Amino acid sequence: MTSADQRSVHVPVMPREVMQWLQLSAGLTVLDGTLGAGGHSRLILKSLGETGRLIGLDRDPMMLALATQNLASIQHPGTSFVRSSYADAETVLQTLGIERVDRVLLDLGLSSDQLSDRERGFGFDAGGPLDMRFHPHENKPVSELLRTLEGSELEKIFREFGEEPAAAKVASEIVRRRQQGNPVVTTEDLEACVSAAVGAAKNAGGRNSATRVFQALRIAANNELQHVERMLTNVLPNIMKTDGIVVILTFHSLEDRIVKNAFKGHQGWQVLTKTPVEATPAEVRLNPRSRSAKLRATKWLGSC
Ligand SMILES: C[S@@+](CC[C@H](N)C(=O)[O-])C[C@H]1O[C@@H](n2cnc3c(N)ncnc32)[C@H](O)[C@@H]1O
C-alpha cells in the first residue's frame, strides 16, 4: 500500500517544459492541483523564494502523505497541502484566505506510485483487487461496478472513456462470467476477460485493449472527466489572477480534447501553446510514461 513509509517511484513528466511554461518568479502564488508525490512541486518551491506560496491538492490521501514526506526537508513557510479535488479548489483557497492564484499546474491522471500499488488495482501489471478509487471512501470500487452495471452500461464506459473498439465483446464477457458465478474482482480476472474477448493479452492488440479498458474503468469510478470539466469551466475563471498562467499535462486524447476545447476561442483565455508540447525522445527513453503526454499552456486575461 502507498504509505508515508514508501519511497516514490514516480518520475515527473516534462519537468523542464512545465517550469518553462509556468514562468515562475519569487513571490508568486501557485496551485499544484495534482500534487502526487510532489515531483513538480519540489521544482516549483525552488523558484518561489521565501515570499511565494504553494498550495498542493490531491484527491488521494495516500499521495498527500507521500508528498508531505518527500517535501518535508524543503520547509518552505508558504506551503499548504490539502486533501481535495482540484475541482473544489475555490473552496480550499477561500479556507486558506487566498482569493486568487498566479499559476495553476494540473498533471492529470494517476501517478506511477498508485499504478504500482497492488492493493489499489489500477494496473494489470501490478495485480490485486479491482478498486481504482483515488479516495478509499468516495464512489464505488471498480469490482462493484463490474458486478452491478448492465452490460450496455459497461459497453458505454469502455467505448466512451476507453475508445475501445471491442467494447461490446468485453462487456458481454464480463456479464457472461458473473452469470456463471465468476464475478470479475481482481486485475487478473479483468485482464483474462479482455484476453478472452479480443485475443491473448500478451499480444499487442490484447495489451492495448486491456490498457484502454483499465483506463475507462478508472475514469468512470472517479468521475474524472466531470472533475476536469468543472475545473476548467467553472473554477479556473474564479481563482486566476489576470495574466495568470495555467499549465496542463494530459495523457490520453479524451482529456486533451477537453482541455483544448475549454480554452480555444473562449473569451478570457489566450492559448500560449499553438500545438501541444510533447516530451523529447530522450525523455521518453528515460521515462516511458512521458510518451503520451501533451502539455498545453494558457493565460487568463480576465473576465470582460
Ligand atoms: C500524474 S500524478 C501527479 C504527479 C506529480 N505532478 C508529481 O510530479 O509527483 C496525478 C495525481 O493527481 C491526483 N488526482 C487525480 N484526480 C484528481 C483530482 N480531481 N483532484 C486532485 N488530485 C487528483 C492523483 O491522485 C495523482 O496523485
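Nothing here was measured: the structure is a model prediction, and the numbers come from that model.

J.: Quick question: what am I supposed to make of the overall build of the chain here?
T.: Of regular secondary structure, the chain possesses 13 helices and 7 strands. Against the globule reference of 19 Å for 304 residues, the chain gives a C-alpha radius of gyration of 20 Å, in line with a compact fold. Expressed as lengths along the three principal axes of its C-alpha atoms, the size of the chain is roughly 60 × 45 × 40 Å. Residues classed as buried in the chain amount to 52% of the 304 residues present. About 13,700 Å² of surface is accessible on the chain, with carbon and sulfur atoms providing 49% of the total. Positive and negative charge centroids in the chain, built from 36 and 35 side chains respectively, lie 4 Å apart.

J.: Is there a simple way to explain the environment of Val184 in this structure?
T.: Along the polypeptide, Val184 turns up in the loop between α8 (167–179) and α9 (187–198). For Val184, a relative accessible area of 3% corresponds to the buried category. Separated by 83 residues in sequence, Val184 and Gln267 have C-alpha atoms that sit 46 Å apart. Contacts of Val184, omitting those with residues within four sequence positions, involve Leu130, Ser143, Leu146, Ile174, Asp189, Leu190 and Cys193.

J.: Help me out: how do you make sense of helix α7 (residues 151–162) in this one?
T.: The end-to-end C-alpha separation of α7 is 16 Å, in line with the 16 Å expected for 12 residues at 1.5 Å each. All buried positions along α7 are accounted for by Leu154, Ile157, Phe158 and Gly162. Along the axis of α7, the buried positions cluster into a sector of 95°, meaning they face one direction only. Glu163 occupies a position one or two residues after α7 and carries a positive phi of about 50°.

J.: Explain the site of the ligand here, please?
T.: What surrounds the ligand is a group of 26 residues, the closest being His40, Asp58, Tyr86, Asp107 and Gln114. Here Ala37 contributes a backbone N or O atom positioned 3.3 Å from an oxygen atom of the ligand. Relative to its unbound accessible area of 600 Å², the ligand is 98% covered by the protein chains. Using a 2 Å cut-off from the grid points, one finds that the ligand occupies the second largest pocket. A breakdown of the residues in the shell around the ligand according to their chemical character gives 8 nonpolar, 13 polar and 5 charged.

J.: Before we go on, may I ask you to explain the packing of α7 against α8 in this structure?
T.: To characterise two packed helices, one gives the angle between the axes of the helices and the distance between these axes. Interhelical geometry of α7 versus α8 gives an angle of 140° and a closest axis separation of 8 Å. The angle between α7 and α8 places the two elements in the oblique class. α7 and α8 meet at a crossing whose hand is right-handed. Together, Gly151, Leu154, Glu155, Phe158 and Arg159 of α7 and Ala167, Ala168, Val170, Ala171, Ile174, Val175 and Arg178 of α8 make up the contact between the two elements. Here the contact of α7 with α8 is built from residues that sort into 8 nonpolar, 1 polar and 3 charged.

J.: Could you clarify how one ought to interpret unusual backbone geometry in this entry?
T.: For residues besides glycine, phi is generally negative; the peptide bonds are generally trans as well. At Asn139, a position not held by glycine, the phi torsion is positive, near 65°. Relative to the helices and strands, Asn139 is located in the loop between α5 (112–115) and α6 (142–148). Here the phi dihedral of Glu163 falls at roughly 50°; this positive angle occurs in a residue that is not glycine. Assessed through its relative accessible area of 38%, Glu163 is described here as partly exposed.

What counts, and where the lines are drawn
Throughout this document, residue positions are counted from 1 along each chain, in the order its sequence is written. Since the coordinates come from a predicted model, pLDDT governs what is reported: local features require at least 70, and pairs of side-chain atoms require 80 or more to be given and counted, while whole-chain, interface and lining totals use all residues. Just so you know, side-chain values use all the structure's heavy atoms and leave hydrogens and water out. Runs of H or I in DSSP of at least four residues are treated as helices and runs of E of at least two as strands, each being numbered from the N terminus. When we talk radius of gyration, it's over C-alpha atoms, and the globule rule is simply 2.2 Å times the number of residues to the 0.38. Each residue's exposure class comes from its accessible area (1.4 Å probe, protein chains only) as a fraction of the maximum for that residue type: buried when under 20%, exposed when over 50%, partly exposed otherwise. Residue exposure ignores everything except the shown protein chains as possible cover, and the areas themselves are Shrake-Rupley values with a 1.4 Å probe. Charge convention: Lys and Arg are scored as positive, Asp and Glu as negative, and His as well as the terminal groups of each chain are ignored. Charge positions are represented by NZ for Lys, CZ for Arg, CG for Asp and CD for Glu. Contacts are assigned to residue pairs with any non-hydrogen atoms lying within 4.5 Å of each other. For a helix, the expected span equals 1.5 Å multiplied by the number of residues minus one. The arc in question is the one traced by the directions running from the helix axis out to the C-beta atoms. Only a single heavy atom is needed: when it lies within 4 Å of a molecule or strand, its residue is near that molecule or strand. Side-chain atoms alone can form a polar contact between residues adjacent in sequence; in general such a contact is a pair of N or O atoms within 3.5 Å, and within protein one must be able to donate a hydrogen while the other accepts it. Both site types are read off a 1 Å grid over the protein atoms alone. A 1.4 Å probe that fits but cannot get out defines a cavity, while an open set with protein on both sides within 12 Å along at least five of seven lines defines a pocket; lining residues have an atom within 4 Å of a point. More than half of a molecule's atoms lying within 2 Å of a cavity's or pocket's grid points is what places that molecule inside it. Side-chain classes follow a simple rule in which Ala, Val, Leu, Ile, Met, Phe, Trp, Tyr, Cys and Pro form the nonpolar group, Asp, Glu, Lys and Arg form the charged group, and the remainder, Gly included, forms the polar group. Each axis is a line fitted through C-alpha atoms, and for a helix only the stretch in contact is used; angles between axes span 0 to 180 degrees, taken between their N-to-C directions. Between 65 and 115 degrees an angle is taken as roughly perpendicular, under 35 as roughly parallel, over 145 as roughly antiparallel, and anywhere else as oblique. Crossing handedness follows the turn of the near helix against the far one: under a right angle anticlockwise gives a left-handed crossing, and clockwise gives a right-handed one.

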